[in-house]
Amino acid sequence: GVDGELYFLRNTCHKLESGKYEYEVCVFGKATQRDIGQSSGGTHLGSWETVDVDEHGRRTFKWGKGTKCWNGPVRSAEVAVTCGAETRVLTADEPETCRYVFTMESPIGCDERFRLKHSL
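The paragraphs below set out a description of the structure included in this document. (Residues numbered from 1 in each chain as written. Predicted model: local features only at pLDDT ≥ 70, side-chain atom pairs only at ≥ 80, totals over all residues. Heavy atoms only, no water.)

## Description of the overall build of the protein chain
Reasoning step 1: Summing up its helical and strand segments, the protein chain has 1 helix and 8 strands in all.
Reasoning step 2: Secondary structure elements in the protein chain, listed N-terminal to C-terminal, are β-β-β-β-β-β-β-β-α.
Reasoning step 3: A burial count over the protein chain gives 37% of its 120 residues as buried.
Reasoning step 4: Split by element, the accessible area of the protein chain, about 7100 Å² in all, is 48% carbon and sulfur. (Helix = DSSP H or I, 4+ residues; strand = E, 2+ residues; numbered from the N terminus. Buried < 20%, exposed > 50% of the residue type's maximum accessible area, 1.4 Å probe, protein only. Areas by Shrake-Rupley, 256 points an atom, 1.4 Å probe, with all protein chains shown as cover.)

Okay, structure coming up:
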């Protein structure tokens, strides 16, 4: 990633319970949806593809080529990263069939002034 800031997130997974599901996104790994209480398996939402950085420095992690939906597209997931002192998934949504959108806060979503002020 930009300046290697994703290095400390490599091989980390972050979970969120939302509704009847638990979502897990793994940086450089895969994204999964499981029924709450299910410890393995689940539905494959996609494998890590890329991180996009827009002109304002906002990062979006993307996973693609997940399990094909019945009568629909293949699943995909994206995570919009906002500034926060710790890395955690905040929200999960499915705005279109089989396209999952999450928000996550993390120090890598902060600008340089914030990181320096808070020693991140």
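That covers the picture; the talk isn't over yet.
## Some points on the state of the cysteines
Note: disulfide means a covalent bond formed between the sulfur atoms of two cysteine side chains.
Reasoning step 1: Scanning all chains against the criterion turns up 3 disulfides.
Reasoning step 2: Note on cysteine connectivity: Cys13 is disulfide-linked to Cys26, with sulfurs 2.0 Å apart. The disulfide joining Cys13 to Cys26 has a torsion of about 110 degrees about its S-S bond and is therefore right-handed. Of this pair, Cys13 sits in strand E1 (residues 13-18) while Cys26 sits in strand E2 (residues 21-26); the two residues are 13 residues apart in sequence, bridging distant segments of the chain. (Disulfide = S-S within 2.5 Å.)

## Let's talk about the packing of aromatic side chains
Reasoning step 1: Taken as a whole and judged by the stated rule, the model has 7 aromatic pairs.
Reasoning step 2: Ring centres 6.2 Å apart and planes at 50 degrees place the aromatic pair Tyr23 and Tyr100 in the tilted group. Of this pair, Tyr23 sits in strand E2 while Tyr100 sits in strand E8 (residues 99-106); the two residues are 77 residues apart in sequence, bridging distant segments of the chain. Tyr100 shares its class with Tyr23; the two are buried.
Reasoning step 3: Arranged with centres 5.3 Å apart and planes meeting at 65 degrees, the rings of Tyr23 and Phe102 form a pair that is edge-to-face. Of the two residues, Tyr23 sits in strand E2 while Phe102 sits in strand E8, which places them 79 residues apart along the sequence. Neither Tyr23 nor Phe102 differs from the other in exposure class; each is buried.
Reasoning step 4: Taken together, the ring pairs in this structure connect Tyr21, Tyr23, Tyr100 and Phe102 into an aromatic cluster. (Phe/Tyr/Trp six-rings, centres within 6.5 Å; stacked < 30°, edge-to-face > 60°.)

## Digging into the sheet that holds strand E3 (residues 30-35)
Reasoning step 1: Ordered in space as E1-E2-E3-E4-E5-E6-E8-E7, the 8 strands form an open sheet in which the pairing is mixed. The open sheet has two edge strands, E1 and strand E7 (88-96), and neither has a second partner. Neighbour to neighbour, the strand axes of the sheet diverge by 25 degrees on average, direction disregarded.
Reasoning step 2: Of the strand pairs in this sheet, strand E4 (residues 43-53) and strand E5 (residues 59-65) are connected by 7 bridges, and their pairing is antiparallel. Paired with Asp52 across the strands is Thr60, a residue of E5. (Pairing = 2+ DSSP bridges. Axes fitted to C-alpha atoms, helices over the stretch in contact; angles between N-to-C directions.)

## A word on the pattern of salt bridges
Reasoning step 1: Going through the model one piece at a time under the given rule, you end up with 7 salt bridges.
Reasoning step 2: The salt bridge partner of Arg34 is Glu24, with a shortest N-O separation of 3.1 Å. Taken together, the residues span a long stretch of sequence, with Arg34 in strand E3 and Glu24 in strand E2 at a distance of 10 residues. For the pair Arg34 and Glu24, one class covers both residues: buried.
Reasoning step 3: Connected through salt bridges with shared partners, the residues Glu78, Glu96 and Arg99 form a single ionic network. (Salt bridge = Lys/Arg side-chain N within 4 Å of Asp/Glu carboxyl O.)

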